[in-house]
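Okay, here's what each chain looks like letter by letter:
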Amino acid sequence: MTPSSFTTVLLVRHGTTATTGTVLPGRAPGLHLAERGVAQAEAVAVRLGELRKKPVALYVSPLERARETAAPIAKVLQLRPFIDRGLLECDFGSWTGKKLSLLSRKAEWKTVQNSPSTFRFPEGESFGEMQQRMWSTLEKLVRTHRGRTIVIVSHADPIKAAVTYAQGVPLDLFQRTVISTCSVSAIGFTGSGPVVLTVNSTATLKELSPS
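Below: a short report on this structure. (Residues numbered from 1 in each chain as written. Predicted model: local features only at pLDDT ≥ 70, side-chain atom pairs only at ≥ 80, totals over all residues. Heavy atoms only, no water.)

**Digging into the pattern of salt bridges**
Turning to step 1, where the next piece is worked out: Tallied over the full model, the rule gives five salt bridges.
Turning to step 2, where the next piece is worked out: Lys 140 serves as the salt-bridge partner of Asp 84, at 2.7 Å between the closest nitrogen and oxygen. Of this pair, Asp 84 sits in the loop between strand E3 (81–83) and helix H3 (100–103) while Lys 140 is found in helix H5 (residues 127–144), placing the two residues 56 residues apart along the sequence.
Turning to step 3, where the next piece is worked out: Of the residues examined, Asp 84 reaches a relative accessible area of 10% and is grouped as buried.
Turning to step 4, where the next piece is worked out: Overall, Lys 140 belongs to the partly exposed group, its relative accessible area being 35%. (Salt bridge = Lys/Arg side-chain N within 4 Å of Asp/Glu carboxyl O. Helix = DSSP H or I, 4+ residues; strand = E, 2+ residues; numbered from the N terminus. Buried < 20%, exposed > 50% of the residue type's maximum accessible area, 1.4 Å probe, protein only.)

Here's what the structure looks like:
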């Protein structure tokens, strides 16, 4: 593997909001970072700034919580953030904005957790469509920045779907992966296929590189 053939994609989940862990926010507008989320965004920006191979581009989901997370990253890396709708949260349809405590009582919740490949959110997207959308977006951006490092700010489920796809994990098992707020997951794209460098990292990125 030559350095010029290795493209690193750093996937950052947005910071904590007032409803993180209690509500399924989906694509509802107007959800901003909580005070803790702002601090998380500033901290992950510092970590990304420590990378030996500096990122050359920053792409962001259009939702407010993602754009607010990207703001300090853009400042530290001196990059202009570009909005890409392919990085959007899953479309949860009529489940958008509902409390997780109520959704977890639905009979369909077991399918969401154990057989997500068979599930479509009412009036929304299927997990399979979300995964395909996210992966296609990553491939598009990798073609644009081949051999470089880029940062993407998105949401838990799309990042989880991308990481597990890169690992060859069946979609029905993707819920076994955790993507925490302002964690960094990294996928390397090579001529022979993707390799996963780190998942859900909240530690230093100084040593991030393929072996």
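**Quick word on helix H2 (residues 64–77)**
Turning to step 1, where the next piece is worked out: End to end, H2 covers 20 Å across 14 residues, agreeing with the expected 20 Å (1.5 Å per residue, within 8%).
Turning to step 2, where the next piece is worked out: Along H2, the largest kink reaches about 25° and is centred on Ala 70; proline Pro 72 follows within four residues of it.
Turning to step 3, where the next piece is worked out: Every buried residue of H2 is accounted for by Glu 64, Arg 65, Ala 66, Thr 69, Ala 70, Pro 72, Ile 73, Ala 74 and Leu 77.
Turning to step 4, where the next piece is worked out: Tucked inside the fold, the buried residues of H2 contact strand E1 (7–13), helix H1 (35–49), strand E2 (57–60), E3 and strand E4 (149–154).
Turning to step 5, where the next piece is worked out: Of the residues trailing H2, Gln 78 is marked for its positive phi of about 55°. (Expected span 1.5 Å × (residues − 1). Bend = angle between axes of the 7 residues up to and from the residue. Contact = heavy atoms within 4.5 Å.)

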